[in-house]
Amino acid sequence: MTPLQAGTTSTVLPQALVIGAGPEALTTIAPLPGFNRFRVDFLDKGLTPYVAIRQRRPDLVVLCFAPDDEEACQVLQMLQLDPATRRIPILAYIAGEPYAIISGEWPRTNGIPSASSSLEHCTAR
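Notes on the structure in this doc start here. (Residues numbered from 1 in each chain as written. Predicted model: local features only at pLDDT ≥ 70, side-chain atom pairs only at ≥ 80, totals over all residues. Heavy atoms only, no water.)

In this section: the pattern of salt bridges. Using the criterion set out here, one finds two salt bridges in the structure. The salt bridge partner of D41 is R39, with a shortest N-O separation of 3.7 Å. By relative accessible area, which is 39% here, R39 ends up partly exposed. In this structure, the salt-bridge partner of R54 is D82, at a minimum N-O distance of 2.5 Å. On the criterion of sequence distance, the pair formed by R54 in helix α3 (residues 49–56) and D82 in the loop between α4 (70–81) and β4 (90–94) is long-range, its members being 28 residues apart. On the basis of relative accessible area, R54 is assigned to the partly exposed category, the value being 33%. Owing to a relative accessible area of 9%, D82 belongs among the buried residues under this scheme. (Salt bridge = Lys/Arg side-chain N within 4 Å of Asp/Glu carboxyl O. Buried < 20%, exposed > 50% of the residue type's maximum accessible area, 1.4 Å probe, protein only. Helix = DSSP H or I, 4+ residues; strand = E, 2+ residues; numbered from the N terminus.)

Right under this line is the structure:
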């Protein structure tokens, strides 16, 4: 081993995929507890949100949308119904307010409300 290799440690950060917003959203998202431990990527142009999530399998999805965005509600429903994606925790930003959609296998964090009545119309049936 060379001296450079001996001092190098590899730390792989979990991936957070932000959909519906660009880097400007980081000022709102970054202060959340634990978010600084994620490598943040944004949705590539040309990919639909659901396809991007299935392909990348991020450790966290941050979905930013307006309350009347039916496409975002469809994406949430598809993610909840798909066995390959239903366990991915989702942080939904609805009109700037954070709501966590976290499967029972993941520990919950303080400070972010869980899916509430404002998400009722987006809940998979």
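Next up on the list: α3. Among the residues making up α3, those that are buried are P49, Y50, A52 and I53. Buried residues along α3 cover an arc of 165° about the axis, so they all sit on one side. Buried residues in α3 make contact with β1 (15–19), β3 (60–65) and α4. (Arc of directions from axis to C-beta. Contact = heavy atoms within 4.5 Å.)

A few words on α4. The first and last C-alpha atoms of α4 sit 16 Å apart over 12 residues, in line with the 16 Å expected at 1.5 Å per residue. Of all the residues in α4, the buried ones are A72, C73, V75, L76 and L79. On an axial view of α4, the arc spanned by its buried residues comes to 160°, and they lie on one face. When the buried face of α4 is taken as reference, the exposed residues oriented beyond 90 degrees from it are E70 and L81. Looking at the buried side of α4, the elements it contacts are α3, β3, β4 and β5 (97–101). (Expected span 1.5 Å × (residues − 1).)

Let us now look at the pairing of β5. Most of β5 is tucked away, with four of its five residues classed as buried. When β4 meets β5, the two strands line up antiparallel, connected through five bridges. In the strand pairing of β5, Y93 is matched with P98. Where β4 folds back on β5, the antiparallel hairpin that results is connected by two residues, among which A95 adopts a positive phi of roughly 50°. (Pairing = 2+ DSSP bridges.)

Okay, the sheet that holds β5 next. Working definition: the strands of a sheet are paired by backbone hydrogen bonds and lie parallel or antiparallel to each other. Across the sheet, which stays open at both edges, the five strands sit in the order β2-β1-β3-β4-β5 with mixed pairing between neighbours. In this open sheet, the two edge strands, each paired with only one partner strand, are β2 (39–42) and β5. For this sheet the average axis-to-axis angle between neighbouring strands, irrespective of direction, equals 20°. In the packing of α3 onto the sheet, contacts are made with β1, β2 and β3, and the angle to β1 comes to roughly 170°. Across the face of the sheet, α4 comes into contact with β3, β4 and β5 while running at roughly 155° to β3. (Axes fitted to C-alpha atoms, helices over the stretch in contact; angles between N-to-C directions.)

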